[in-house]
Amino acid sequence: MRIKSITPKNQTLVNKAVNWLVKHNEYNTQRDFISDSLECEEWESKEWRQINKKCENSFDKYLEYLNELPRREQQQIEKSKLY
């Protein structure tokens, strides 16, 4: 999904933030699927811990790029279907 920035000079940062948000959503879906299929505690599963780390890192990257954007650009991303 492409979100057009309000100010053209911010388009690169908007694209990066959106890409990391998409990755986070994918990792979160995988993590939920793994959690539902586990027979043990989540923290005991190596697979769950790996995908959880990817999920956390991708959200941190998303926030990193989001914080570089003006508030109105942040609100536009947060109002999208991705958030």
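Computed from a predicted structure; not experimentally measured.

Q: Help me out: how do you make sense of the packing of aromatic side chains in this one?
A: How two aromatic rings sit relative to each other is set out by the distance from centre to centre and by the angle between their planes. Overall, the coordinates contain two aromatic pairs when judged by the stated rule. Ring centres of Phe 59 and Tyr 62 lie 5.6 Å apart, and the angle between their planes is 45°; this geometry places the pair in the tilted category. One end of the pair, Phe 59, and the other, Tyr 62, are both in helix H2 (residues 46-67), three residues apart, so they sit about a helical turn from each other. On the basis of relative accessibility, which here comes to 26%, the residue Phe 59 falls in the partly exposed class. Measuring from ring centre to ring centre gives 6.3 Å for Tyr 62 and Tyr 83, while their planes differ by 40°; the resulting arrangement is tilted. With Tyr 62 in helix H2 and Tyr 83 in the segment after helix H3 (71-78), this residue pair connects regions lying 21 residues apart in the sequence. Residue classification places Tyr 62 among the buried positions, given a relative accessible area of 0%. The rings of Phe 59, Tyr 62 and Tyr 83 are connected pair by pair, giving a single aromatic cluster.

Q: Please clarify how helix H1 (residues 11-37) should be interpreted in this entry.
A: An α-helical turn contains 3.6 residues, so a residue and the one three or four places further along point in the same direction. Counted at 1.5 Å a residue, the expected span for H1 with its 27 residues is 39 Å, and the 39 Å between its end C-alpha atoms agrees. Of all the positions in H1, only Gln 11, Leu 13, Val 14, Ala 17, Val 18, Leu 21, His 24, Arg 31, Ile 34 and Ser 35 are classed as buried. Along its buried surface, H1 packs onto H2 and H3.

Criteria and thresholds
- Residues numbered from 1 in each chain as written.
- Predicted model: local features only at pLDDT ≥ 70, side-chain atom pairs only at ≥ 80, totals over all residues.
- Heavy atoms only, no water.
- Phe/Tyr/Trp six-rings, centres within 6.5 Å; stacked < 30°, edge-to-face > 60°.
- Helix = DSSP H or I, 4+ residues; strand = E, 2+ residues; numbered from the N terminus.
- Buried < 20%, exposed > 50% of the residue type's maximum accessible area, 1.4 Å probe, protein only.
- Expected span 1.5 Å × (residues − 1).
- Contact = heavy atoms within 4.5 Å.

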